[in-house]
Amino acid sequence: MSRQLINHSLDKCHGGGKLRVAIIGAGYSGLCSLHHFAGDKMFEVVLFEQSSRIGGVWNYPEGCDATVVQNPTSPFYTRMYKNLKTNLPTDLMTLEGFPFPTGTKSYCDVKTITRYLEDYAQHFQLGSHIKVKNTLVRLGEGAFLRQCM
């Protein structure tokens, strides 16, 4: 769809107002999507993350190795293990416009990736669009219902 068609659709369907966008999850894809939409004044965008910080699957909460919990809403929930290293080199994991710091190992650890994603969000001033500790429970046309933890 071309940009002109999108503008025409907004004028026709929404009275020229902003198109509301909800992004679910603050991992690589969510943050990249947020950066794209937040940079366009045509969109009103919010990113919902159920954990207490950004990072998606790279979010390794301190203390989770001592706590075995299966509930995804637990502050100790994780889908990874403490000493995990990337299986892709950093030159393939780099998000557009934001390189890894000079000297970063090609196959880096969880803390490096998490810090990179946090720095990315800060660099592009995405924080005001991110709602942590929120679980999206229903999404409908023109509205969404969220549950704050």
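Predicted, not measured: the structure shown is a model, and the values here were computed from it.

Considering the environment of W58
- Position of W58 among the secondary structure elements: in the loop between β2 (43–48) and α3 (90–93).
- Taking C-alpha positions, W58 is 9.3 Å from L84, a pair spaced 26 residues apart along the chain.

Considerations on the pattern of salt bridges
- Evaluation of the coordinates by the stated rule reveals one salt bridge.
- Notably, a salt bridge pairs R53 with E118, separated by 2.9 Å at the nearest N-O pair. Of the two residues, R53 is situated in the loop between β2 and α3 and E118 in helix α4 (residues 110–123); the sequence distance between them amounts to 65 residues.
- Assessed through its relative accessible area of 31%, E118 is described here as partly exposed.

Concerning the confidence of the model for the chain
- With 67% of its residues at a pLDDT of 70 or more, the chain shows a mean pLDDT of 78.
- Across residues 1–14, where pLDDT falls below 50, the model places 13 contacts with residues more than four positions away in sequence or in other chains.

Thoughts on the sheet that holds strand β3 (residues 130–131)
- What the three strands build is an open sheet, ordered β1-β2-β3; its pairing is parallel. Each having just a single partner strand, β1 (19–24) and β3 make up the two edges of the open sheet.
- Bridge analysis of β2 against β3 gives two bridges, and the strand direction is parallel. Each bridged residue has a counterpart across the sheet, and for F48 the counterpart in β3 is K131.
- With respect to the sheet, helix α2 (residues 28–38) is in contact with β1, β2 and β3, its orientation differing from that of β2 by roughly 160°.

Thresholds, definitions, all that
Residues numbered from 1 in each chain as written. Predicted model: local features only at pLDDT ≥ 70, side-chain atom pairs only at ≥ 80, totals over all residues. Heavy atoms only, no water. Helix = DSSP H or I, 4+ residues; strand = E, 2+ residues; numbered from the N terminus. Salt bridge = Lys/Arg side-chain N within 4 Å of Asp/Glu carboxyl O. Buried < 20%, exposed > 50% of the residue type's maximum accessible area, 1.4 Å probe, protein only. pLDDT = per-residue confidence, 0-100. Contact = heavy atoms within 4.5 Å. Pairing = 2+ DSSP bridges. Axes fitted to C-alpha atoms, helices over the stretch in contact; angles between N-to-C directions.

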